[in-house]
Amino acid sequence: MNEQLEEQASLYTLGLLAADEATAFAQRIEADPELRALVDDLDAAAAAMAHTAPARPLPPELRDRVLAQIRSEKTVAFPRRSNWLPWALAACLALSSAYLVAERSGFRKRIARLEQRDIFSQVQIASLSSKLENAPNANAVVVWDEKKQRGVLKVTQLPRNEENRDYQLWLVDPRYKDPVNGGVFHVSNDGTMSVPFKPASPVREAQAFAISLERKGGVTKAEGPIVLLGK
Amino acid sequence: MQPSNLPQDAVPSPPATRGGVRVPNEVDADLVRRMSSGDEGAFTTFYDRFAPGLFSMIYAILHDSKESEDVLQEAFVQMWKRTATYDATRSSLFTWAVMIARHKAIDRLRSRQRQTRLSEAVANETDPFAVSAPSDRADNALVRTNERERVRAALSQIGEAQREAIDLAFFGGLTQTQISERLGAPLGTVKARIRRGLLALREVLGGVAS
């Protein structure tokens, strides 16, 4: 391992690389087991720094607040409202289909590992609400599969975009300085649209999703107004 | 207190390896499996083990109690929702939790455009070896105190300049350029210090842990 790679790995671990550098390095890590092992080791070394923080009393009531939120998040993640159900079923169907395809392709061993896990824990469902004064009922649903690094976006009641502009999806990941581009799309006259997407860079922690109105063809960094936002 | 009752993942070293292959920490893996299946009891165990230490770390970054509480809450909710992202063959649960919580704290710090010098913060802090909060379990507090001493001992073995650069990056959330300006050192020197410091810390902690 040369010094330059070690240096990049160290800066990556501490979040000191620029967004484009971090993206490129993340891709390199995935393709290089030795480099990945080094980054994992450096992550552990850096994490140990947390032990040096001076002790601070933890408010005892905070645990109840956290527990209350995770209970409510369960409800939010898998609501029983009928408009969510098709999406949850679609996610199940997609994963089941993937299973069948993979089985035929001889990936039984890999699938067996996946079977041991809760498939729903891999699928994130987010509801995006309107930021538009002229379309307060506009909304969107994002079904995001981090493992597969792809998702589906469904939009309703969103005003049709002008010919010289595009709507653009963004994924907010704290590992990046700026939101990650999820692609551009058009909305039909009835304000609906459904489209699969794949982010321009690997997303590990999708904390939020946003849709902005940009110039035609999209931009690399959001410039236009945010029209839908949620997590 | 028997060692088996102590959090195994508090050890700040990489996962053990056997024949070049990383060996997952089964305690970590089992806890995460239970959390993935929606076991709130497992989550409570997870919270009790890590929340006190993570809260101290977040506070050391933000220097604001209310914001630190909010960030800790956000971090634990995210961990609960994203247990699938944890890979026991790549890191300990401790490392995973620290990385998520730190990212959230740094993100909050940068969003409010407030950069605070670690040295100033430390000067205002309580004694690092002070008694832990009443809500903290005694065994967890003991483990953290032991780990703190081990990490401090390890840090004492690496260069002061290297430690300072890592401190500013880890707790201060500063960019490479800001660290360079703060230390009055060329950018290349700062990068080299961080590289040497982290590599040395890895070696020293690995040696201590084994």
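Cut-off values and rules
Residues numbered from 1 in each chain as written. Chains lettered and ligands numbered in written order. Predicted model: local features only at pLDDT ≥ 70, side-chain atom pairs only at ≥ 80, totals over all residues. Helix = DSSP H or I, 4+ residues; strand = E, 2+ residues; numbered from the N terminus. Contact = placed C-beta atoms within 7 Å. Buried ≥ 20, exposed ≤ 12 C-beta atoms within 10 Å, placed from the backbone. Pairing = 2+ DSSP bridges. Axes fitted to C-alpha atoms, helices over the stretch in contact; angles between N-to-C directions. Parallel < 35°, antiparallel > 145°, perpendicular 65-115°, else oblique. Left-handed = near helix turned anticlockwise from the far one by under 90°. Nonpolar A, V, L, I, M, F, W, Y, C, P; charged D, E, K, R; others polar. pLDDT = per-residue confidence, 0-100.

1. Some remarks on the environment of B:H63
Phase 1: Among the secondary structure elements, B:H63 is positioned in the loop between α2 (40–62) and α3 (65–81).
Phase 2: The spatial distance from the C-alpha of B:H63 to the C-alpha of B:L109 is 9.7 Å, given a sequence separation of 46 residues.

2. A few points about the interface of chain B and chain A
Phase 1: On the chain A side, the residues contacting the 67 residues of chain B number 46 residues.
Phase 2: For the side of chain B that touches chain A, the secondary-structure elements that each account for two or more residues are α2, α3, α4 (93–111), α6 (138–156), α7 (160–170) and α9 (187–209) of chain B.

3. Let's talk about the pairing of strand β2 (residues 139–145) of chain A
All names here are of chain A.
Phase 1: Among the seven residues in β2, five count as buried, and that is most of the element.
Phase 2: Across seven bridges, β2 lies against strand β3 (residues 150–156) in antiparallel orientation. Bridge pairing links D145 to R150 in β3.
Phase 3: The hairpin formed by β2 and β3 contains four residues between the paired strands, and Q149 there has a positive phi angle of roughly 55 degrees.

4. Side note on the packing of α7(B) against helix α8 (residues 176–183) of chain B
All names here are of chain B.
Phase 1: For the pair α7 and α8, the least separation of the axes is 10 Å and the interaxial angle reads 135 degrees. When the axis of α7 is compared with that of α8, the two are oblique. The element α7 and its partner α8 pack so that their crossing is right-handed. Residues E164, A165, L168 and A169 of α7 form the contact with α8, whose own contacting residues are I179, R182 and L183.
Phase 2: Considered class by class, the residues forming the contact of α7 with α8 number five nonpolar, no polar and two charged.

5. Here's the deal with the packing of α3(B) against α4(B)
Residues and elements named next belong to chain B.
Phase 1: The interhelical angle for the contact between α3 and α4, taken along N-to-C directions, is 135 degrees, at an axis separation of 9 Å. Accordingly, the angle class assigned to the pair α3 and α4 is oblique. By crossing handedness, the relation of α3 to α4 is classed as right-handed. Between α3, through E67, V71, L72, E74, A75, Q78 and M79, and α4, the contact on the second element is made entirely by A97, I100, A101, K104, A105 and R108.
Phase 2: Grouping the constituent residues of the contact of α3 with α4 by class yields eight nonpolar, one polar and four charged.

6. A word on the confidence of the model for chain B
All names here are of chain B.
Phase 1: Mean pLDDT over chain B: 76, with 70% of residues reaching 70 or higher.
Phase 2: Counting interchain partners and residues more than four positions distant, the pLDDT-below-50 stretch residues 1–15 has 44 contacts.
Phase 3: This stretch, residues 113–136, has a pLDDT under 50; its non-local contacts, to residues over four places away or in other chains, come to 34 contacts.
Phase 4: Predicted complex metrics record ipTM = 0.75 and pTM = 0.56.

7. Here we look at the sheet that holds β2(A)
All names here are of chain A.
Phase 1: What the eight strands build is an open sheet, ordered β5-β4-β7-β8-β1-β2-β3-β6; its pairing is antiparallel. Only two strands of the sheet have a single partner each, and these edge strands are β5 (180–185) and β6 (193–197). Averaged over all pairs of adjacent strands, the angle between strand axes in this sheet comes to 20 degrees, irrespective of strand direction.

8. Some details on the environment of A:L158
Residue and element names in this part refer to chain A.
Phase 1: Relative to the helices and strands, L158 resides in the loop between β3 and β4 (165–172).
Phase 2: Residue class for L158 comes out buried when judged on the 26 C-beta atoms lying within 10 Å of it.
Phase 3: Along the primary structure L158 and L132 are separated by 26 residues, whereas in three dimensions their C-alpha atoms are 9.1 Å apart.

9. Observations concerning unusual backbone geometry
Residues and elements named next belong to chain A.
Phase 1: Positive phi values are uncommon outside glycine, yet Q149 reaches one of about 55 degrees.
Phase 2: Considering the arrangement of structural elements, one finds Q149 in the loop between β2 and β3.
Phase 3: On the basis of neighbour counts, which here come to 13 C-beta atoms within 10 Å, the residue Q149 falls in the partly exposed class.
Phase 4: A positive phi angle is found at Q157, which is not glycine, with a value near 60 degrees.
Phase 5: One can find Q157 in the loop between β3 and β4.

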